[in-house]
There are 2 protein chains.
Amino acid sequence: MELQPILWVIPIAGLAAIAFAVYLAMGVLRADTGTAAMQEIAGTIYEGAVAFIKRQYRTIAILALGGTVVIGLIITLVEGPEVADTRYFGFDLGWRTGLAFLVGAACSMASGIIGMLISVKANLRTAAAAQHSLVRAVQVAMRGGAVSGFLVVALSLLGVFGIFTAFGGFTNPEEAPFLIVGFGFGASFVALFAQLGGGIYTKAADVGADLVGKVEAGIPEDDPRNAAVVADLVGDNVGDCAGRGADLFESTAAENIGAMILGVAVWRIAVDLNWPNPEAWIFFPLVVRAFGLLATIVAMFFVRGSEDENPMNILNRGYWATTIMSVGALAFVTWQMMQTVGVTGANGIPAWVWFFGAGVVGLATSVAFVYITQYYTAGTHRPVREIAEASRTGPATNIISGTAVGYETTAVTAITISIALFASYTLGSQAGLINDAGHNVGGIFGTAVATMGMLMTTAFILAMDTFGPITDNAGGIAEFSKADAKAREITDRLDAVGNTTKALTKGYAIASAALAAFLLFSAYIDKVNLILTNQIEAGTREAGTLLESIDLANVNVFIAAMIGAMLVYFFSSLAIRAVGTAAQAIIVEVRRQFREMPGIMDYTQRPDYARVVDITTRAALREMILPGTVAVATPIIVGLLLGHEAVAGMLMVGTIAGVLLATVLNNGGGAWDNAKKYIESGQLKDADGNVLGKGSDAHAAAVVGDTVGDPFKDTAGPSLHVLVKLLATITLVLAPLFIR
Amino acid sequence: MELQPILWVIPIAGLAAIAFAVYLAMGVLRADTGTAAMQEIAGTIYEGAVAFIKRQYRTIAILALGGTVVIGLIITLVEGPEVADTRYFGFDLGWRTGLAFLVGAACSMASGIIGMLISVKANLRTAAAAQHSLVRAVQVAMRGGAVSGFLVVALSLLGVFGIFTAFGGFTNPEEAPFLIVGFGFGASFVALFAQLGGGIYTKAADVGADLVGKVEAGIPEDDPRNAAVVADLVGDNVGDCAGRGADLFESTAAENIGAMILGVAVWRIAVDLNWPNPEAWIFFPLVVRAFGLLATIVAMFFVRGSEDENPMNILNRGYWATTIMSVGALAFVTWQMMQTVGVTGANGIPAWVWFFGAGVVGLATSVAFVYITQYYTAGTHRPVREIAEASRTGPATNIISGTAVGYETTAVTAITISIALFASYTLGSQAGLINDAGHNVGGIFGTAVATMGMLMTTAFILAMDTFGPITDNAGGIAEFSKADAKAREITDRLDAVGNTTKALTKGYAIASAALAAFLLFSAYIDKVNLILTNQIEAGTREAGTLLESIDLANVNVFIAAMIGAMLVYFFSSLAIRAVGTAAQAIIVEVRRQFREMPGIMDYTQRPDYARVVDITTRAALREMILPGTVAVATPIIVGLLLGHEAVAGMLMVGTIAGVLLATVLNNGGGAWDNAKKYIESGQLKDADGNVLGKGSDAHAAAVVGDTVGDPFKDTAGPSLHVLVKLLATITLVLAPLFIR
């Protein structure tokens, strides 16, 4: 097989991104580390974060090793020669799937840990830079975040490419995508526990610290007398950095593999019709992502601006640079790799143009979600103001209004995703890719290209996301170390921007999950049909029993669909409750310290921060097990009881329900948060025009909303992203188990 | 056609139920009307309720007349001879469908109005009876409620039977069910606006009265100085009585018609195989419901007990009597009507036994939901206590905990419905009903029988539901008229029971909607295929293009499914926001009265209750239009854009999402309400064992939760029940419009 030279871009971009991440990390580490007081608190945060991450990843590693063995065994036992979907079966396939799972899990863990480690270094440097310059502080925080962004995307790219190559991707490209699905499952598996554990930790610490500090003791946020305040600052890192990193690692990995599986269907056509370079269709997703990574590296140099500018503009400049360069790169890649199509699409327009259009739809979707999320969660628009107004009549109306806003956001989300799916499907189906059974496979491949287009900007989005906890921490460090007013003013501004970027990433993550859902279903159906075809050929199955449709009018499919939608609520319930339980443990401990160490309140005694960190760590790790287990076990049980068609129904309807509930939780939580900030900034007035600011009843009501939104937007919502993709990877890997 | 004598039971039971309702109503009206003070406030409530109902039903009547014309026109224009699904088409079919719609709408309005009128008479009599005897008060309230229950079910039974007969049900029984689908749509249409308007009214008044009275002015609930208190008492009647009556009217009607359509499939088999009385399969749903009505009449005599008994036990005795007699009646009806089957089912067991089993599954599901709802919303179990405990740390943790409980309740709900569906489907598919295409139609008919079994107890359930607002009002009247302590103690006990019975009805309503969903989809598919078959026979459509499956892997179906799930959230958002907007209008007015009429606070001036009632009425009617229009328009738009298969996907996934979100809202709201009551009853203690009762911070936190839950459980949740069934009836009626 003669390979196209363009494939070299995959390892080159991956390694370049890693090198660039190292370069950025060194720059961050060399930056000024501020005053001694700053260094002290930063050191405490660092220790707490490292302690948690060590313990958490040890637990996850044990779970992942267990998972590896179980999956290897299941595949070995179930995929005997008569059900094999490749020339590998039994133990041959079992160890490969197990290994892929393990590598996926390891890469996910590595990217989470390294990104988190650099961000707990960048927080201090950002606080130090904020003493002098806004732009400098933005750059330090953004570069710290970019280390995470580049590492996550590069490891995902190199990981998929590596395991694909190792399992014969260059010799049997049509077979390898099915062998590496374990990689995606491993990534989801780790992401689930990383996000759950981190999400529970961060919000239990936040809620616990607020309730016992602000509400009970009447001391301000981030006050050093609150024993839970360090745990709260640690939480920003372990929840937002490590959690979202794992989330997007698995998005990119799973969607990449799913797109390659769909590429196999096009590969068959290309081989049948003797088009040159048929394997290009399978490699396409990797190449697109590689170019996206290169575009993002260049775009990092656009993150610059002036001191008196809104910091969000500085970041937006980089984001737009990434997007525009990605459009160019997309045009080049689709032209390069798809111009070989032997037939032209509708209206005589070549196939690559149609797919370029589908990719642009993906990029446009990503831009749309950035602005949609801003509309719903920024204080400059109607929804947040509505919640702030409702706070004037107390916490109840604040909650009612926030709930209404959260529910409302599903409308534009669902409609945007629908348009993106419909447009990319329609564009793809014009490309003229008809297989020998007469099916047009271009439509589904169009949705895959759109997803890949959307994923081109992942590294930049993730950098903006990690910018959030870094600046949040920098603010905490400035407050805690009593830094001068200028530094605190700058970190406050950055913190507000960070809230927006964190919300954006969630919008992006959930939109990409929704767009990818359809390609992942299709990959599942392809895989099931491969197995069924082998069984029919082997004579162990009746002819004509392929999986042609996922029929909702079939009672088993309908039941599974209902269970899938229910799982989304039940899982969220467990995640939310876990935060409450863990927060309770923190409250009890801080109360004890206030009681037994009376010197805390007049600063003569130092609270025992480490003990609270330790208690939070243990509580979070204990509480992540139940929701994690429910998420993994439910699809397996449903698949075993109701069969392979039903489990697909569960996957699809579970995805729809999960995307919508995550939207409700993320945007509702973000809007509550910013309604509080809106009031704090003095923009809410009563009927007589008096400002209702900090300390007013309206503010107290808004604090209630903010606290309610915390576990919604930072624990349950992001964990649902992972759940949705876990459903897809788990069914893809365990498909043979569900065949009946 | 020789008719079975058993069919006479349909008109007999219907008329008997109406006669019994008249008898009960006369008994209630003859009862003692208490003190002059009681009569005065009851008179004010009566006037307010009548004023609202008049205005609301005038608006609804106009909308319904418009709907009649539009539907008649659409059907006339769309169902030309080439798409006709019966020998009627064009204007012939158009006027029939329009007429059925109008009759359905009229019956629904009549049952809502009459039931409401009697309940605003029963409230005073219940308060009066409570001065002397608990049992007597229970009986008055329950009989008042039963008037509503019997009228709703009897009108639905006679309405469906009448229009079925009028459209040739006795001469062409296989055709008539398709002609009367308009009846179900008319009922849903009225129910939607009745429930929305009533739900917005009741909760806007409740929230408005609480916020401006309890929170701002610091006066107790139901205090006569609060100008909104009469509106609040009026609201209980118009929301809970009229709304739920319309909800269950349309449930029974739509599910009855859906079951008859499925009966046609069995009728075909019966005709082919020359079984006697083939039409029995079509009449079966009507006969089962008639027997359920008779059983409920008898069961009313079991509503008795002793003075020192828990009033819930008195009601439960009647409910169990209804259920047990229904089992017996079910056995008789299935044996009588289905013993004629020419083939026996699996294991040589006759078909009627299998279907009897399916019906028992339905009755068991109804019992299960009564207890599930009690578990989640009564203060005696873990969930409510958990919320009460969480109130100790403030409103935020109360809300978080209540949300977690609400989400959690979806699990047992979805699993119970899944088991019921699976069991009734499996039982039915053993009955040996195989059609000439080799399809087993018994399974789906089994789910229809289960739904009918569940609906046998509707009249009793609805009586218990209406018991709720009657006793709630009786409590308000006792409080308002300063009745003696004994009367107030008794009405308080009844009010608590009423809260439980209201929650039960919602659980029952949503479970029956979920169980019926599957039969309504199947009816839709049957109807679409009838049209397609006619088109194929007429040569206007390619052969082999029947609707064989609702394929989720089809991109249009997937998009429609997502829109369906989104609609549920968006609609709820609009409903919740409507309450807030209407409540705001009330607050402004009550504040104005406090300001401009200073004598109110020292009882020297009487607040202008009527003005608040009027403002609430206008606000509620204005606010119901937007959510109502969205609910009706969305399925039509999706159907027109994406076609007949996609709209089925929307219907199914929208139903799943609606059932689950309604469960969350109903049970979460109920649990919040009872957590507040749990604290008020002095059962919550702090760490040192001190009671945290009324006036404590924990109580204040629980009040916030209760207020948040109000629009969830009494506006959005119940409106979702109606939305779910509206989706089914609208697609059934407008199916020809969506065919592509």
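Treat the numbers as computed from the prediction; the structure is a model and nothing was measured.

Okay, the overall build of chain A next. Along its length, chain A carries 19 helices and 0 strands. Relative to the globule expectation of 27 Å for 740 residues, the C-alpha radius of gyration of chain A, 25 Å, shows essentially globular dimensions. Projected onto the principal axes, the alpha-carbon positions of chain A cover approximately 80 × 50 × 50 Å. Within chain A, the proportion of its 740 residues that are buried is 69%. In chain A, 83% of the contacts between residues at least 6 apart in sequence involve partners at least 24 apart. Entry remark: accessible area of chain A is about 21300 Å², with carbon and sulfur atoms responsible for 62%. For chain A, the distance from the average position of its 44 positive side-chain charges to the average position of its 58 negative side-chain charges is 6 Å.

With 65 residues of chain B in contact, the opposing surface of chain A contributes 65 residues. Roughly 5800 Å² is buried in total at the junction of chain B and chain A, and carbon and sulfur atoms are behind 81% of that figure. Across the chain B-chain A interface, the total number found is 4 salt bridges. As a salt-bridge pair, glutamate 386 of chain A and arginine 577 of chain B come within 2.9 Å of each other at their nearest N and O atoms. Scanning the region where chain B abuts chain A turns up 12 residue pairs in polar contact (both at pLDDT 80 or more).

What follows deals with a nonpolar patch on the surface. All names here are of chain B. The grouping of Leu65, Phe91, Trp95, Leu99 and Leu102 at the surface amounts to a nonpolar patch, some 470 Å² of accessible area in total. Ranked by the residues each element gives to the nonpolar patch, the list is headed by helix H3 (residues 90-130), at 4 residues. Among the structural elements, phenylalanine 91 can be located in helix H3. Given the relative accessible area of 57%, phenylalanine 91 is considered exposed.

Next up on the list: the packing of helix H10 (residues 351-377) of chain A against helix H18 (residues 644-680) of chain A. Residues and elements named next belong to chain A. One can describe the packing of H10 onto H18 by two numbers: an axis separation of 8 Å at closest approach and a directional angle of 50 degrees. Viewed along their axes, H10 and H18 adopt a mutual orientation that is oblique. Where H10 approaches H18, its residues Thr373, Tyr376 and Thr377 are matched on the opposing element by Asn667, Gly670, Ala671 and Asn674. Along the lines of polarity and charge, the residues of the contact of H10 with H18 split into 2 nonpolar, 5 polar and no charged.

Applying the stated criterion across every chain yields a total of 14 cavities of 30 Å³ or more. Lining of the largest cavity is provided by 22 residues; of these, Thr403 and Tyr407 of chain A together with Thr403, Tyr407 and Phe712 of chain B occupy positions nearest its centre. Those elements that provide at least two residues to the lining of the largest cavity are helix H12 (395-429), H18 and helix H19 (697-738) of chain A together with helix H12 (395-429), helix H17 (609-680) and helix H18 (697-738) of chain B. Looking at the lining of the largest cavity residue by residue, the classes come out as 14 nonpolar, 8 polar and no charged.

With that out of the way, let us pick up helix H16 (residues 555-596) of chain B. Residue and element names in this part refer to chain B. Between its first and last C-alpha atoms H16 spans 61 Å; for 42 residues at 1.5 Å apiece the expected length is 62 Å, and the two agree. For H16, a buried count of 32 out of 42 residues is recorded, marking the element as mostly surrounded by other parts of the structure. N-capping of H16 is provided by asparagine 554, with a side-chain oxygen placed 2.8 Å from the backbone N of asparagine 556.

Here we come to H12 of chain A. Compared with the 51 Å implied by 1.5 Å per residue over 35 residues, the 51 Å span of H12 of chain A between its first and last C-alpha is a close match. For H12 of chain A, the tally of buried residues reaches 25 of 35 residues, placing the bulk of the element in the interior.

The next point concerns the relation of the copies chain B and chain A. Between the two copies, chain B and chain A, the superposition gives an RMSD of 0.0 Å; the rotation angle is 180 degrees and the shift along the axis is 0.0 Å. Within this description, the copies of the chain are treated as partners about a two-fold rotation axis. If distances are taken from each C-alpha of chain B to the rotation axis, the shortest is found for aspartate 551 of chain B, at 2.4 Å. A share of 100% of the interface residues of chain B reappears at the interface of chain A, consistent with the copies meeting face to face through the same patch.

Examined against the element boundaries, glutamate 596 of chain A turns out to sit in helix H16 (residues 555-596). There is a polar contact of 2.6 Å between the side chain of glutamate 596 of chain A and the side chain of arginine 592 of chain A.

In this section: the side chain of threonine 617 of chain A. Residues and elements named next belong to chain A. Relative to the helices and strands, threonine 617 resides in helix H17 (residues 609-642). Only 2.7 Å separates the side chain of threonine 617 from the backbone oxygen of valine 613, close enough to count as a polar contact. When sequence neighbours within four positions are dropped, the list of residues in contact with threonine 617 reads Phe52, Arg55 and Tyr201.

All right, on to unusual backbone geometry then. Residues other than glycine seldom take positive phi values, yet asparagine 277 of chain A does so here, at roughly 50 degrees. Although it is not a glycine, tyrosine 603 of chain A sits at a positive phi angle of roughly 65 degrees.

Bringing the side chain of serine 401 of chain A into the picture now. Residues and elements named next belong to chain A. Position of serine 401 among the secondary structure elements: in helix H12. You can call serine 401 buried: its relative accessible area is 10%. With residues near it in sequence (within four places) discarded, serine 401 still touches Glu386, Ile387 and Ala390.

By the definition in use, this model includes 62 aromatic pairs over all chains. With centroids separated by 5.2 Å and ring planes inclined at 70 degrees, the aromatic side chains of phenylalanine 558 of chain A and phenylalanine 521 of chain B adopt a geometry described as edge-to-face. Placement of phenylalanine 558 of chain A in helix H16 and of phenylalanine 521 of chain B in helix H15 (residues 485-537) is noted, with the two residues assigned to different chains. Of the two residues examined, phenylalanine 558 of chain A and phenylalanine 521 of chain B, each falls in the buried class.

Conventions and cut-offs
- Residues numbered from 1 in each chain as written.
- Chains lettered and ligands numbered in written order.
- Predicted model: local features only at pLDDT ≥ 70, side-chain atom pairs only at ≥ 80, totals over all residues.
- Heavy atoms only, no water.
- Helix = DSSP H or I, 4+ residues; strand = E, 2+ residues; numbered from the N terminus.
- Rg over C-alpha atoms; globule rule 2.2 N^0.38 Å.
- Buried < 20%, exposed > 50% of the residue type's maximum accessible area, 1.4 Å probe, protein only.
- Contact = heavy atoms within 4.5 Å.
- Areas by Shrake-Rupley, 256 points an atom, 1.4 Å probe, with all protein chains shown as cover.
- Lys, Arg positive; Asp, Glu negative; His and termini not counted.
- Charge placed at Lys NZ, Arg CZ, Asp CG, Glu CD.
- Buried area = accessible area lost by both parts, 1.4 Å probe.
- Salt bridge = Lys/Arg side-chain N within 4 Å of Asp/Glu carboxyl O.
- Polar contact = N/O pair within 3.5 Å; in protein donor to acceptor, adjacent residues only side chain to side chain.
- Patch = residues over 30% accessible without salt bridge, like charges linked within 9 Å, V, L, I, M, F, W, Y side chains within 5 Å.
- Axes fitted to C-alpha atoms, helices over the stretch in contact; angles between N-to-C directions.
- Parallel < 35°, antiparallel > 145°, perpendicular 65-115°, else oblique.
- Nonpolar A, V, L, I, M, F, W, Y, C, P; charged D, E, K, R; others polar.
- 1 Å grid on protein atoms, 1.4 Å probe; cavity = no way out; pocket = protein on both sides within 12 Å on 5 of 7 lines; lining within 4 Å.
- Points joined across faces, edges and corners; volume = space filled by probe spheres on them.
- Expected span 1.5 Å × (residues − 1).
- Least-squares fit on C-alpha atoms with pLDDT ≥ 70 in both.
- Phe/Tyr/Trp six-rings, centres within 6.5 Å; stacked < 30°, edge-to-face > 60°.

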